[in-house]
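Residue strings, one per chain:
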Amino acid sequence: MRSYAARLAAVLLVLLVGVCAGASHIARAAAEPYAIGAILSESGPGATLGRPEADSMEMGVDEINKAGGINGHQIQLTILDDQSDATTAVNDFRQLVDKHPVAIFGTPLTPTSLAIVSAAEAAHIPLVSYASSISVVSPVAQHQWIFKVPINDTEVAKSMQEFMKKRNETKVSFIYRNDDYGKTGMAHFEEVGKPLGFEIVSNDAIMPTASDATTQLTHAKAAAPQAVICWTTLPSAATILKAYHELSLTTPLYYSDGAATGVFPKQAGAALDGAYIATMKVNVYTELPANDPQRKLLEHYVPDFEKNYPKDAPASIFGTWGFDGVNFLKAALLKVKGPVTAASLRDAMENTTFVGVSGTFKFSPSQHYGLSEDAVLMSQIQNERFHMAK
């Protein structure tokens, strides 16, 4: 468990000393901290997503607190590890509720996020998810207390299809992670792609921690697709790549944003060269135009992240979700009129717009996700680095 309670205790101690010295005005100005919780996968198959999210939430909270907090209130952050497990995520949620937070963040995985949605609705606490699937927040009528930071899988599918359509790659084999992330990803890819002429000629599931993908790639090869799409994360993303080369496939290889971590190219080396990965601006920020609204923000975020958290470097889209989550909180808190409660914060979140490191977020009562398709970029890997695909 990560917590900033000790840091806040030190701040309160300083205030107490001031009171003892007769500075009663300091005591009157002292404000209770805003408590928030986060459920993140710092271990298990989702660790390459959860660790940078936890790191980045700490970074964001640290920056806010060092600047004086929000309207004089410090942020008290407690992070629990769900071990990439749905049952643990539910137990973590219950534990955090006992701390009376104004909001809870997490989790990075679709199955673990879906597992705590009903609990958040019942508890009337805003839950800001870091999962990909639009199912986490849709329909809004049944998800009044749920919001999400990451780009939706539907927007990722649209961006991939726009790129692939220009290359006449509409006949695809689909390998998906065998859980809600992969299943909804394939369903939404098929849904938005059908009017454009996309056809899934073979589909195979793969377990998140699979060590072999020969069967899946054999099926894909036999279907003679124009592209192979892998809707998964590490470590199974790397397992697919291994089988792809063992079977001597040359069909263009695509990955969803679940594989858009800088760890993947570094681990895979030259084997990943030429593959396409749906990503966000963070992975190609040095190639962005100077006037891009995210470039300046990323020039601050990326070096700070890699300096403070070298074990989880390089920076990736998953870290930006965590950082943007904290800044979503900040923007919403600044909109609250009157006392800050879970309910008043929820209402503010529904009407919050802010510019984050991932893109411009626009939330509304009818849309509990903030990013649109234009936040997604198609990248191609060369020499262990992401580059804008051409």
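Predicted, not measured: the structure shown is a model, and the values here were computed from it.

### Here we look at the confidence of the model for the protein chain
Point 1. Considering every residue of the protein chain, the mean pLDDT works out to 93; 93% of them sit at 70 or more.
Point 2. Segment residues 4-29: pLDDT under 50, and 18 contacts once partners within four positions in sequence are set aside and those in other chains are kept.

### Re the side chain of serine 56
Point 1. Relative to the helices and strands, serine 56 is located in helix α3 (residues 47-66).
Point 2. There is a polar contact of 2.8 Å between the side chain of serine 56 and the side chain of tyrosine 301.
Point 3. Once residues within four sequence positions are removed from consideration, serine 56 is found in contact with Tyr301, Phe305, Gly319, Gly322 and Phe323.

### Topic: empty space enclosed by the protein
Point 1. Across all of its chains, the model carries 2 cavities of 30 Å³ or more by this definition.
Point 2. Surrounding the largest cavity, 16 residues form its lining, Leu49, Pro108, Ser132, Tyr181 and Phe318 being those nearest its centre.
Point 3. Breaking the lining of the largest cavity down by element, the ones donating at least two residues are α3 and α12 (317-333).
Point 4. Among the residues making up the lining of the largest cavity, the classes are represented as 9 nonpolar, 4 polar and 3 charged.
Point 5. Computed from the structure, the second largest cavity encloses a volume of approximately 30 Å³.
Point 6. If you go around the second largest cavity, the residues you meet are Ser211, Asp212, Ala213, Thr239, Lys242, Ala243 and Glu246.
Point 7. Of the residues that constitute the lining of the second largest cavity, the class distribution is 2 nonpolar, 2 polar and 3 charged.

### Digging into the nonpolar core
Point 1. Among the nonpolar cores identified, the biggest contains 103 residues, and Trp231, Tyr255 and Tyr301 are the most heavily contacted of them.
Point 2. Among the elements that line this core, the one with the most residues is α12, at 10 residues.
Point 3. If we skip the residues at most four places from it in the chain, tyrosine 301 touches Ser56, Met59, Val282, Ala315, Ser316, Gly319, Thr320, Phe323 and Val357.
Point 4. Val117, Ala120, Val137 and Ile146 belong to the second-largest nonpolar core, a separate cluster that totals 20 residues.

### Let's talk about helix α7 (residues 180-193)
Three- or four-residue spacings in an α-helix give side chains the same orientation, since the helix completes a turn every 3.6 residues.
Point 1. A rise of 1.5 Å per residue sets the reference length of α7, with its 14 residues, at 20 Å; its end C-alpha atoms lie 19 Å apart and thus fit the reference within 8%.
Point 2. Among the residues of α7, Tyr181, Gly182, Thr184, Gly185, Met186, His188, Phe189, Val192 and Gly193 are the ones counted as buried.
Point 3. Taken together, the buried residues of α7 touch α5 (110-123), α6 (153-166), β7 (171-177), β8 (199-206) and β9 (227-231).
Point 4. Among the residues of α7, the N-terminal cap falls to aspartate 179, whose side-chain oxygen and the backbone nitrogen of tyrosine 181 are separated by 3.0 Å.

### Quick notes on the packing of α12 against helix α13 (residues 342-349)
Point 1. The geometry of α12 relative to α13 is characterised by a closest axis approach of 8 Å and an angle of 100° between their N-to-C directions. It follows that α12 is roughly perpendicular to α13 by the angle criterion. Residues Phe328, Leu329, Ala332 and Leu333 of α12 pack against Leu345, Ala348 and Met349 of α13.
Point 2. When its residues are assigned to classes, the contact of α12 with α13 shows 7 nonpolar, no polar and no charged.

### Focus on the side chain of glutamate 121
Point 1. Position of glutamate 121 relative to the elements: it lies in helix α5.
Point 2. Here glutamate 121 is buried and forms no salt bridge, its nearest opposite-charge partner arginine 346 lying at an N-O distance of 7.4 Å.
Point 3. Polar contacts involving the side chain of glutamate 121 include one to the main-chain amide nitrogen of glutamine 144, which spans 3.0 Å.
Point 4. Setting aside residues up to four positions removed in sequence, glutamate 121 forms contacts with Gln142, His143, Gln144, Trp145 and Ile146.

### A closer look at the packing of aromatic side chains
Centre distance and the angle of the planes are the two values used to describe a pair of aromatic rings.
Point 1. Enumeration according to the criterion identifies 18 aromatic pairs in this entry.
Point 2. With centroids separated by 5.8 Å and ring planes inclined at 35°, the aromatic side chains of tyrosine 301 and phenylalanine 305 adopt a geometry described as tilted. One end of the pair is tyrosine 301 and the other is phenylalanine 305, both in helix α11 (residues 295-308) and 4 residues apart, which spans about a single turn.
Point 3. Judged by relative accessible area, which is 0%, tyrosine 301 ranks as buried.
Point 4. Residue classification places phenylalanine 305 among the buried positions, given a relative accessible area of 0%.
Point 5. Ring centres of phenylalanine 305 and tyrosine 309 lie 5.8 Å apart, and the angle between their planes is 40°; on these two criteria the pair is classed as tilted.
Point 6. One aromatic cluster in this structure is built from Phe147, Phe328, Phe354, Phe361 and Phe363.

### Digging into the sheet that holds strand β10 (residues 253-255)
Point 1. An order of β8-β7-β9-β10-β11-β14-β15 is seen for the 7 strands of this open sheet, with the pairing classed as mixed. Of all the strands in the sheet, the pair left with one neighbour each is β8 and β15 (385-388). Put simply, the sheet's adjacent strands are angled 30° from each other on average, direction ignored.
Point 2. Here 5 bridges tie β7 to β9, and the two strands are oriented parallel to one another. Each residue of the ladder has a partner; that of valine 172, found in β9, is alanine 227.
Point 3. Together, β7, β9, β10, β11 (276-279) and β14 (377-382) form the strand contacts of α6, whose direction differs from that of β9 by roughly 165°.
Point 4. On top of the sheet, helix α8 (residues 214-222) reaches β7, β8 and β9; it is set at about 170° to β8, its chief contact.

Rules used throughout
Residues numbered from 1 in each chain as written. Predicted model: local features only at pLDDT ≥ 70, side-chain atom pairs only at ≥ 80, totals over all residues. Heavy atoms only, no water. pLDDT = per-residue confidence, 0-100. Contact = heavy atoms within 4.5 Å. Helix = DSSP H or I, 4+ residues; strand = E, 2+ residues; numbered from the N terminus. Polar contact = N/O pair within 3.5 Å; in protein donor to acceptor, adjacent residues only side chain to side chain. 1 Å grid on protein atoms, 1.4 Å probe; cavity = no way out; pocket = protein on both sides within 12 Å on 5 of 7 lines; lining within 4 Å. Points joined across faces, edges and corners; volume = space filled by probe spheres on them. Nonpolar A, V, L, I, M, F, W, Y, C, P; charged D, E, K, R; others polar. Core = buried A, V, L, I, M, F, W, Y, C linked by side-chain atoms within 4.5 Å. Buried < 20%, exposed > 50% of the residue type's maximum accessible area, 1.4 Å probe, protein only. Expected span 1.5 Å × (residues − 1). Axes fitted to C-alpha atoms, helices over the stretch in contact; angles between N-to-C directions. Parallel < 35°, antiparallel > 145°, perpendicular 65-115°, else oblique. Lys, Arg positive; Asp, Glu negative; His and termini not counted. Salt bridge = Lys/Arg side-chain N within 4 Å of Asp/Glu carboxyl O. Phe/Tyr/Trp six-rings, centres within 6.5 Å; stacked < 30°, edge-to-face > 60°. Pairing = 2+ DSSP bridges.

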